[in-house]
Amino acid sequence: DQQVKQNSPSLSVQEGRISILNCDYTNSMFDYFLWYKKYPAEGPTFLISISSIKDKNEDGRFTVFLNKSAKHLSLHIVPSQPGDSAVYFCAASALLQGAQKLVFGQGTRLTINP
Amino acid sequence: DARVTQTPRHKVTEMGQEVTMRCQPILGHNTVFWYRQTMMQGLELLAYFRNRAPLDDSGMPKDRFSAEMPDATLATLKIQPSEPRDSAVYFCASGIPSGQVNTEAFFGQGTRLTVV
C-alpha cells in the first residue's frame, strides 16, 4: 500500500532549464509535505517543505507546489545545475498518537546534463 | 555539529546470522524512525518511536525483525535470522525536538547490509 507515489523513476534535464518532480499521495490525513535529496552513499537531506495550509513555498531555486484537492505536489528547480543531480524523495507527514509519522515515496533520479 | 550516527556503515553476514544495527539520534529529538531503502519501495518505513515508545512497527516483518530503544541515546534494529532478501540500506532518522511539530527529520548515513 504505497501511500506516497513518485511515478517517474528518473528524469533528465538540460542544465539551466527547469526540473519538475512530481508526487501523489492518497491519505487525506497528511498535512505536511517534504522533499529530500539523496546523493550516493549518503543519507537523505532535507530540501524544502510545505504545510497543507499553503499552496506554494519558495526557497531560492526550489519551489514546492501543493494541490490538496488533487493530492498532488511538485518540486520545481530553476535553473537546474549539475550539482542538483541526485535522487529526490517526496515525503508526507501526519500527526498520529502525538508523533509525526513520515512516509516516503519511491524516489526520482534526476540527472542534469551539461 | 548535531547529527544522527549509525553503526556499522557496512555489514556483510551469512544467511541465518543475527544482525544488529545501531543508531544514535540527535539529542533532544523525541521521534526516531527506521527506514529501508529498496529499488521498488523507495524509503520504506519499518518502525518509529516517540519518547522511546514504539508507535508503529507494521512495516517490519514481525517474525524476524525487532526494533527497540533501550535509552534516549540508542535505537537498535535487529534481524534474526537474516535472509538474502534483507540486503538493503537501512536508515535511521530522528526529528521533532520537544515542543515543535511539523519539522523535518534528520537522517544518518545508513547501514548497508549484505546477506549472502
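The sections below set out a description of the structure shown in this document. (Residues numbered from 1 in each chain as written. Chains lettered and ligands numbered in written order. Predicted model: local features only at pLDDT ≥ 70, side-chain atom pairs only at ≥ 80, totals over all residues. Heavy atoms only, no water.)

## Observations concerning the overall build of chain A
Consideration 1: Helix and strand counts for chain A stand at zero helices and eleven strands.
Consideration 2: Computed over C-alpha atoms, the radius of gyration of chain A comes to 14 Å, within 12% of the 13 Å expected from 2.2 N^0.38 for 114 residues, which places it in the range of a compact globule.
Consideration 3: On the principal axes, the C-alpha backbone points of chain A span a range of 45 × 30 × 20 Å.
Consideration 4: When burial is assessed residue by residue, chain A has 48% of its 114 residues classed as buried.
Consideration 5: The contacts in chain A between residues at least 6 apart in sequence include a share of 56% that link residues at least 24 apart.
Consideration 6: When the accessible surface of chain A is split by element, carbon and sulfur atoms take 49% of a total near 5300 Å². (Helix = DSSP H or I, 4+ residues; strand = E, 2+ residues; numbered from the N terminus. Rg over C-alpha atoms; globule rule 2.2 N^0.38 Å. Buried < 20%, exposed > 50% of the residue type's maximum accessible area, 1.4 Å probe, protein only. Contact = heavy atoms within 4.5 Å. Areas by Shrake-Rupley, 256 points an atom, 1.4 Å probe, with all protein chains shown as cover.)

## A look at the sheet that holds strand β8 (residues 74–79) of chain B
Residue and element names in this part refer to chain B.
Consideration 1: The four strands are arranged β1-β3-β8-β7 in an open sheet whose pairing can be described as antiparallel. Whereas interior strands pair on both sides, the edge strands pair on one side only; in this sheet they are β1 (5–7) and β7 (65–71). Between one strand axis and the next, the sheet turns by 20° as a mean value, whatever way the strands run.
Consideration 2: Sheet topology note: the β7/β8 ladder contains five bridges and is antiparallel. (Pairing = 2+ DSSP bridges. Axes fitted to C-alpha atoms, helices over the stretch in contact; angles between N-to-C directions.)

## Structural notes on the pairing of strand β10 (residues 99–104) of chain A
All names here are of chain A.
Consideration 1: By the criterion of burial, β10 is predominantly enclosed, with six of the six residues buried.
Consideration 2: What you see with β10 is no split at all: Ala-99, Lys-101 and Val-103 on one side and Gln-100, Leu-102 and Phe-104 on the other are buried throughout.
Consideration 3: Direction of pairing for strand β9 (residues 86–96) relative to β10: antiparallel, over a ladder of six bridges. Looking across to β10, one finds that Leu-95 is bridged to Gln-100.
Consideration 4: Counting the residues between successive antiparallel strands, the hairpin from β9 to β10 contains two residues, one of them, Gln-97, with a positive phi of roughly 50°.

## Some points on the layout of surface pockets
By rolling a water-sized probe across the atoms, one finds the places where empty space is left.
Consideration 1: Reported here for the largest pocket is a volume of approximately 660 Å³.
Consideration 2: At the level of elements, β9 and β11 (108–113) of chain A together with β4 (29–38), β9 (88–97) and β11 (111–115) of chain B are the ones that each hand at least two residues to the lining of the largest pocket.
Consideration 3: Counting residues per element, the lining of the largest pocket draws most heavily on β11 of chain A, which supplies four residues. (1 Å grid on protein atoms, 1.4 Å probe; cavity = no way out; pocket = protein on both sides within 12 Å on 5 of 7 lines; lining within 4 Å. Points joined across faces, edges and corners; volume = space filled by probe spheres on them.)

## Things to note about the environment of Ile-20 of chain A
All names here are of chain A.
Consideration 1: Residue position: Ile-20 is located in strand β3 (residues 19–25).
Consideration 2: Spatially, the C-alpha atom of Ile-20 lies 16 Å from that of Ala-91, the residues being 71 residues apart in sequence.
Consideration 3: Here Ile-20 is in contact with Leu-11, Ser-74, Leu-75 and His-76, once residues within four sequence places are set aside.

## Structural notes on the sheet that holds strand β7 (residues 62–67) of chain A
Residue and element names in this part refer to chain A.
Consideration 1: The five strands lie next to each other as β1-β3-β8-β7-β6, forming an open sheet whose pairing is antiparallel. Edge positions in the sheet fall to β1 (4–5) and β6 (56–59), since each of these pairs with one other strand and no more.
Consideration 2: As paired elements, β3 and strand β8 (residues 72–77) share six bridges and run antiparallel to each other. The residue bridging Cys-23 from the neighbouring strand is Leu-73, located in β8.

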